[in-house]
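# Examination of the molecular architecture
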Amino acid sequence: MVKSKQIPEKCRRCALLGAAEARSRHPSCWDDRLCHSRRSYARNRDKINQKRA
């Protein structure tokens, strides 16, 4: 079985915020190429993993 990477705690907390609020709170680490999909995965990972199982 492949060991998955952990989502950083900062990204998990950021996923609970709206996109505009997350950008304003974390301007130094916000990356338009990564953050949208990472935040979406963090919010929906339980559903995704249930479908996969």
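Along each chain, residues carry numbers from 1 onward, in the same order as the chain's sequence is written. Restriction of local features to residues with pLDDT of at least 70 applies here, the model being predicted, together with a cutoff of 80 or more for giving and counting side-chain atom pairs; totals for whole chains, interfaces and linings are based on all residues. Hydrogens and waters are ignored; side-chain quantities use all the structure's heavy atoms.

## Here we look at the confidence of the model for the protein
Per-residue pLDDT for the protein averages 87, and the proportion of residues at 70 or more is 92%. The predictor reports its confidence for every residue as pLDDT, a score running from 0 up to 100. Put simply, DSSP H or I for four residues or longer makes a helix, DSSP E for two residues or longer makes a strand, and each gets a number counted from the N terminus. Ranking the elements of the protein by mean pLDDT puts helix 1 (residues 9-15) last, at 89, and helix 2 (residues 19-25) first, at 92.

## Some thoughts on the nonpolar core
Grouping buried Ala, Val, Leu, Ile, Met, Phe, Trp, Tyr and Cys residues that are joined through side-chain atoms within 4.5 Å yields what is termed a nonpolar core. Relative accessibility under 20% of the residue-type maximum defines a buried residue, over 50% an exposed one, and the middle range a partly exposed one, all with a 1.4 Å probe and only protein chains included. Membership of the largest hydrophobic core is limited to 5 residues, which are C14, L17, A22, W30 and C35. Other than its neighbours up to four places away in sequence, C35 contacts C29 and W30. Working rule for contacts: check all heavy atoms of both residues, and any pair within 4.5 Å makes them a contact.

## Some words on the pattern of salt bridges
When a carboxyl oxygen of Asp or Glu lies within 4 Å of a side-chain nitrogen of Lys or Arg, that pair is called a salt bridge. Considering all chains together, one arrives at 5 salt bridges under this definition. Here R23 makes a salt bridge to D32, at a shortest N to O gap of 3.8 Å. Overall, R23 belongs to the partly exposed group, its relative accessible area being 43%. Between D31 and R33 there is a salt bridge whose closest N-O contact spans 3.3 Å.

## So, the side chain of R39
With respect to the helices and strands, R39 occurs in helix 3 (residues 35-52). In this structure, R39 is buried with no salt-bridge partner, the nearest side chain bearing the opposite charge being E21 at 8.0 Å. In contact with R39, other than residues within four places in its own chain, are C14, A15, L17, G18, A19, A22 and W30. All tallies of charge rest on Lys and Arg as positive and Asp and Glu as negative; His and the ends of each chain are not included.

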